[in-house]
Amino acid sequence: MQILVTGKQMKQLDQSTIKQMGIPSLVLMERAAMAVFDCLKQHFPLKKTLVVCGSGNNGADGVAVARLLHLAGYPVDLYLAGNHTSFTEEMHIQWQAAKNYQVSIVNNCRFSEYTTIVDALFGVGLSRELSGKYQALAEKINASGIPVLAVDIPSGIHAGTGQVMGTAIRATETVTFAYRKLGISLYPGSVYAGHIQVKDVGIYGASEGVFSLDNKDVSWLPARDPAGNKGTFGKILLIAGSRNMSGAAYFSSKAALLSGAGMVRILTDESNRIILQQQFPEAMLSVYEPSMTPDELSEIVRKAMDWADVVAVGPGLSTSKTAENLLQTVLTFRQSKPIVIDADALNLLAKRKDLQAQCDAACILTPHLGEMSRLAECTISDLKVHPQKFMDVFYNNCSCTLIMKDARTWIRTADGSFFLNLTGNDGMATAGSGDVLCGVVAGLLGQGMNPSKAAPFAVWLHGLAGDQAASAKGARSMKATDILSGLEAQLQKMDSQN
Ligand SMILES: NC(=O)C1=CN([C@@H]2O[C@H](COP(=O)(O)OP(=O)(O)OC[C@H]3O[C@@H](n4cnc5c(N)ncnc54)[C@H](O)[C@@H]3O)[C@@H](O)[C@H]2O)[C@@H](O)CC1
Ligand SMILES: [K+]
């Protein structure tokens with residue numbers, strides 16, 4: 001697991017390393033500059049490099065990089081875009097050192113001369129929009145088409161939100177120090193950052209921040225019991241699919257089984273019986289008919305729930321009165337069983353505050369931004385700008401585990417921890433993709449994972465499955481079926497690593 005930090009958190013970590021631990025600022029800076037220098041040598045054409053610097057410590061990193069390039073014999077020009085009067089203490093020292101070593105300093109940049117640009121204009125200290133000469137410079141760099149290495153973060157990207165502050169420099173690669181910044185993990189900042197490398201510069205100890213799973217977390221996958229039987233690996237009830245919506249039931253239940261669940265039962269509209277039996281013979285079926293009374297419906301749901309260890313409700317369910325009765329029965333008779341609430345069930349839940357109050361930490365809600373805006377009674381742009389704030393506010397009404405799906409999906413666990421998922425691609429914006437996620441969450445819960453781990457792990461795994469599908473079929477053409485194939489392949493790979 002890695003921790004993603006805001007600019008403010010990173011500055012506190014810098015300061016505590018310098019002041020409490022006693023590591024001089026210039027030592028950290030030299031390590032930062034060396035990390036950038038190594039990356040330049042490995043990945044950039046260094047026939048002639050332009051290093052563009054601001055007056056703060058990001059600029060000071062850049063001046064140190066120019067010195068290292070110069071001393072190693074690589075042609076380099078240093079361009080100061082900031083003002084001498086705003087130099088930090090470190091920048092004064094770096095600037096003087098660069099002058100002592102006779103690094104070439106230019107007052108005008110003729111971009112056609114350079115094969116690489118190092119962006120050291122602003123780092124995590126960016127406090128307002130780029131304007132005037134900074135804006136013009138960023139636009140010229142972007143128009144030049146020259147490969148750019150960004151120092152710590154592309155200049156113009158907000159380190160906490162990933163928003164473009166007026167204008168931002170588009171980097172080919174970003175070397176970020178100590179911890180990956182939240183701003184280059186979220187969109188659009190992550191696109192501006194290009195390929196990202198996180199480099200150790202001697203700053204440690206982050207405990208606050210947003211978590212993100214990485215390859216080491218494969219170990220979270222529940223171990224298989226060699227002596228296990230179908231019951232050991234979880235019995236999953238999918239309440240999914242209404243008339244003409246059998247696909248959602250298929251994708252969610254298939255994903256639950258592929259994720260390792262022992263048995264899957266689909267509770268669905270009678271009209272889906274034949275198609276589901278043909279498409280997915282491994283699943284058991286319970287059906288209801290729209291003409292049934294609420295009591296008859298409730299009886300069928302309760303019987304199926306008695307059998308199940310985990311219930312997932314919502315994919316393709318519609319928002320009919322029958323669907324509302326189904327959801328109400330699930331939440332009333334759940335007996336603390338883990339419940340995944342997805343898709344149409346979320347739209348029904350948005351209208352039923354009384355049912356929201358019955359959700360607890362063992363309920364995992366999986367809204368996309370539109371569904372979340374209805375649940376939390378806010379706008380989609382509120383959620384984009386302040387995701388954590390609105391997820392916290394919603395938790396006060398509905399104390400569930402929350403998966404807020406977007407190009408970068410946020411997860412809030414019931415203990416208040418936040419995760420941001422970094423896997424996946426735009427090909428996953430395809431019909432049925434969310435149904436697959438719902439099934440993966442349920443399948444992992446069925447194998448005994450607790451909701452605080454199952455939610456972030458399922459999202460991460462689903463993204464990896466989507467990445468696999470994109471590499472097999474291309475992001476443009478991949479379908480939910482390809483995500484299911486990707487899921488199988490990823491789990492096979494993970495099992496061989498564990
Ligand atoms: N010793 C340290 O503190 C370390 C700092 N590091 C580097 O230092 C950076 C942070 O340095 P700083 O805190 O000095 O901040 P920055 O260098 O990111 O920028 C701050 C300067 O830019 C000005 N500024 C902010 N927004 C502006 C805008 N839109 N237009 C014009 N001027 C603007 C500020 O007034 C200030 O002078 C990190 O990103 C990293 O690159 C690393 O070298 C690691 C160690
Ligand atoms: K920068």
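The numbering scheme is per chain: residues are counted from 1 as the chain's sequence reads. Numbering of ligands from 1 and lettering of chains from A proceed in the order in which they are written. The predicted origin of the model limits local features to residues at a pLDDT of at least 70 and limits the giving and counting of side-chain atom pairs to 80 or more, whereas totals for whole chains, interfaces and linings rest on all residues.

### Points about the site of ligand 1
Part 1 of the reasoning: Around ligand 1 lies a shell of 28 residues, among which Gly56, Asn57, Asn58, Gly123 and Gly125 are the nearest.
Part 2 of the reasoning: Helix and strand assignments come from DSSP, with helices taken as H or I runs of at least 4 residues and strands as E runs of at least 2, each series counted from the N terminus. Elements that contribute at least two residues to the shell around ligand 1 include exactly α2 (25–43) and α3 (57–71).
Part 3 of the reasoning: A class-by-class count of the residues in the shell around ligand 1 yields 11 nonpolar, 12 polar and five charged. In this text, near has one meaning. A residue is near a molecule or strand if its C-beta atom, placed using the backbone, is within 6 Å of it. Each residue is assigned to one class: nonpolar for Ala, Val, Leu, Ile, Met, Phe, Trp, Tyr, Cys and Pro, charged for Asp, Glu, Lys and Arg, and polar for all the others, Gly among them.

### Comments concerning unusual backbone geometry
Part 1 of the reasoning: In this model, tyrosine 187 is joined to proline 188 through a cis peptide bond whose omega is 0 degrees.
Part 2 of the reasoning: If you trace the backbone, proline 188 turns up in the loop between β8 (180–181) and α6 (189–193).
Part 3 of the reasoning: A positive phi is found at aspartate 152, a non-glycine position, where the angle reads about 75 degrees.
Part 4 of the reasoning: Structurally, aspartate 152 can be placed in the loop between β6 (148–151) and β7 (173–177).
Part 5 of the reasoning: Look at aspartate 152 and you get buried, because 29 C-beta atoms sit within 10 Å.
Part 6 of the reasoning: Backbone geometry at asparagine 244 places phi at a positive 65 degrees, although glycine is not the residue there. Whether a residue is buried, exposed or partly exposed follows from its count of other C-beta atoms within 10 Å of its own C-beta, namely 20 or more, 12 or fewer, or something in between, respectively; the C-beta atoms are built from the backbone.

### Things to note about helix α4 (residues 89–100)
Part 1 of the reasoning: Taking 1.5 Å as the rise per residue, α4 with 12 residues should run 16 Å; its terminal C-alpha atoms sit 17 Å apart, in good agreement.
Part 2 of the reasoning: Of all the residues in α4, the buried ones are Glu90, Met91, Gln94, Trp95 and Ala98. Down the axis of α4, the buried side of the element spans an arc of 130 degrees, and every buried residue falls inside it. Of the exposed residues in α4, the ones pointing more than 90 degrees away from its buried face are Glu89, Gln96 and Asn100.
Part 3 of the reasoning: Taken together, the buried residues of α4 touch α2, α3 and β3 (76–80).
Part 4 of the reasoning: Positive phi appears at glutamine 102, one or two residues downstream of α4, with a value of about 60 degrees. Here the expected length of a helix is defined as 1.5 Å per residue gap, with one fewer gap than residues. Starting at the helix axis, one direction is taken to each C-beta atom, and the arc is that of these directions. Note that contacts rest on C-beta atoms placed from the backbone: two residues are in contact if these are within 7 Å.

### Concerning the packing of helix α16 (residues 433–446) against helix α18 (residues 480–497)
Part 1 of the reasoning: Following both chains from N to C, one finds α16 and α18 inclined at 30 degrees, their axes separated by 8 Å at the closest point. Judged on the interaxial angle alone, α18 and α16 are roughly parallel. In the crossing of α16 with α18, the sense of the turn from one axis to the other is right-handed. Touching Ser433, Asp435, Val436 and Val440 of α16 are Ala480, Ile483, Leu484 and Leu487, all from α18.
Part 2 of the reasoning: Within the contact of α16 with α18, the residues separate by chemical class into six nonpolar, one polar and one charged. Lines are fitted to the C-alpha atoms to define the axes, a helix being fitted only along its stretch in contact, and any angle between axes, read from their N-to-C directions, falls within 0 to 180 degrees. Working rule for angles: under 35 degrees goes down as roughly parallel, over 145 as roughly antiparallel, 65 to 115 as roughly perpendicular, anything else as oblique. The sense of a crossing depends on the near helix, which, turned anticlockwise from the far helix by less than a right angle, makes the crossing left-handed and, turned clockwise, makes it right-handed.

### Overview of the domain arrangement of the protein
Part 1 of the reasoning: Note: domain ranges come from an automatic or database domain assignment. You can read the domains of the protein as domain 1 (2–212) and domain 2 (217–497).
Part 2 of the reasoning: A straight line from the C-alpha centre of domain 1 to that of domain 2 covers 42 Å.
Part 3 of the reasoning: Facing eight residues of domain 1, the contacting portion of domain 2 comprises eight residues.
Part 4 of the reasoning: Tallying contributions element by element places strand β10 (residues 210–212) first for the side of domain 1 that touches domain 2, with three residues.
Part 5 of the reasoning: Of the residues belonging to the side of domain 1 that touches domain 2, the class tally is five nonpolar, three polar and no charged.

### Some words on the sheet that holds strand β5 (residues 116–120)
Part 1 of the reasoning: Ordered in space as β4-β3-β2-β5-β6-β7-β9, the seven strands form an open sheet in which the pairing is parallel. The two strands at the open ends of the sheet, each matched to only one other strand, are β4 (104–106) and β9 (195–199). Going from strand to strand, the sheet's axes swing by 25 degrees on average, the running direction of each strand aside.
Part 2 of the reasoning: Relative to β3, strand β2 (residues 49–53) is paired through five bridges, and the arrangement is parallel. We call two strands paired when DSSP finds no fewer than two bridges between them.

### Here we look at the pairing of strand β17 (residues 401–404)
Part 1 of the reasoning: Side-chain alternation along β17 places Thr401 and Ile403 on one buried face and Leu402 and Met404 on a second face that is also buried.
Part 2 of the reasoning: Where strand β16 (residues 363–365) and β17 come together, two bridges link them in parallel fashion. By the bridge assignment, isoleucine 364 is partnered in β17 with threonine 401.
Part 3 of the reasoning: In this sheet, strand β18 (residues 410–412) lies alongside β17 in antiparallel orientation, the contact comprising three bridges. Its bridge partner being in β18, isoleucine 403 is matched across the sheet by isoleucine 411.

### Some details on the UniProt feature "domain: YjeF N-terminal" (unreviewed entry) in the protein
Part 1 of the reasoning: UniProt positions are given in the numbering used here, feature names are shortened, and annotations may be inferred rather than shown by experiment. Under the feature "domain: YjeF N-terminal" (unreviewed entry), the UniProt entry names residues 10–209.
Part 2 of the reasoning: End C-alpha atoms of residues 10–209 are separated by 10 Å, and the span's content is 38% helix alongside 17% strand.

### Remarks on the UniProt feature "binding site: AMP" (unreviewed entry) in the protein
Part 1 of the reasoning: Per the UniProt annotation, the sites labelled "binding site: AMP" (unreviewed entry) are Lys405, Asp406, Ala407, Arg408, Thr409 and Gly434. The annotated residues occupy 30 residues of the chain but converge on a single region, no pair of C-alpha atoms lying more than 13.7 Å apart.
Part 2 of the reasoning: Taking the C-beta count within 10 Å as the criterion, aspartate 406 has 17 such neighbours and is therefore assigned partly exposed.
Part 3 of the reasoning: Take arginine 408: it is sitting in the loop between β17 and β18.
Part 4 of the reasoning: Accessibility expressed as a C-beta count within 10 Å gives 20 for arginine 408, which makes it buried.

### Considerations on the environment of serine 291
Part 1 of the reasoning: Mapped onto the secondary structure, serine 291 falls in the loop between β13 (284–288) and α9 (294–307).
Part 2 of the reasoning: For serine 291, a count of 8 C-beta atoms within 10 Å corresponds to the exposed category.
Part 3 of the reasoning: For the pair serine 291 and threonine 322, spaced 31 residues apart in sequence, the C-alpha separation works out to 9.3 Å.

### Some thoughts on helix α10 (residues 321–332)
Part 1 of the reasoning: Under the 1.5 Å per step criterion, the end-to-end length of α10 is 16 Å for 12 residues, consistent within 8% with the ideal 16 Å.
Part 2 of the reasoning: What α10 keeps buried is the set Thr322, Ala323, Glu324, Leu326, Leu327, Thr329, Val330 and Leu331.
Part 3 of the reasoning: Buried residues along α10 sit against β11 (235–239), α9, β14 (310–313), β15 (339–341), α11 (344–351) and α12 (353–356).

### Describing the nonpolar core
Part 1 of the reasoning: Within the largest apolar cluster, 161 residues are counted, with the highest numbers of intra-cluster contacts made by Val36, Val51, Val52, Val65, Leu238, Val313 and Val441.
Part 2 of the reasoning: Sort the elements by how many residues they give to this core and helix α17 (residues 451–473) lands first, with 11 residues.
Part 3 of the reasoning: Residue-level mapping places this core at the junction of two domains, with at least three residues from each of domain 1 (2–212) and domain 2 (217–497).
Part 4 of the reasoning: If sequence neighbours within four positions are ignored, valine 313 has contacts with Ile239, Leu326, Leu327, Val330, Ile339, Ile341 and Ala345. By convention the nonpolar core is taken to be a set of buried residues drawn from Ala, Val, Leu, Ile, Met, Phe, Trp, Tyr and Cys and joined through C-beta atoms within 7 Å.

### Remarks on the environment of leucine 4
Part 1 of the reasoning: Turning to its location among the elements, leucine 4 is positioned in strand β1 (residues 2–5).
Part 2 of the reasoning: The exposure class assigned to leucine 4 is buried, which follows from the 24 C-beta atoms found within 10 Å.
Part 3 of the reasoning: Separated by 181 residues in sequence, leucine 4 and serine 185 have C-alpha atoms that sit 7.8 Å apart.
Part 4 of the reasoning: Other than its neighbours up to four places away in sequence, leucine 4 contacts Tyr179, Arg180, Lys181, Leu182, Ser185, Gly209, Val210, Ser212 and Leu420.

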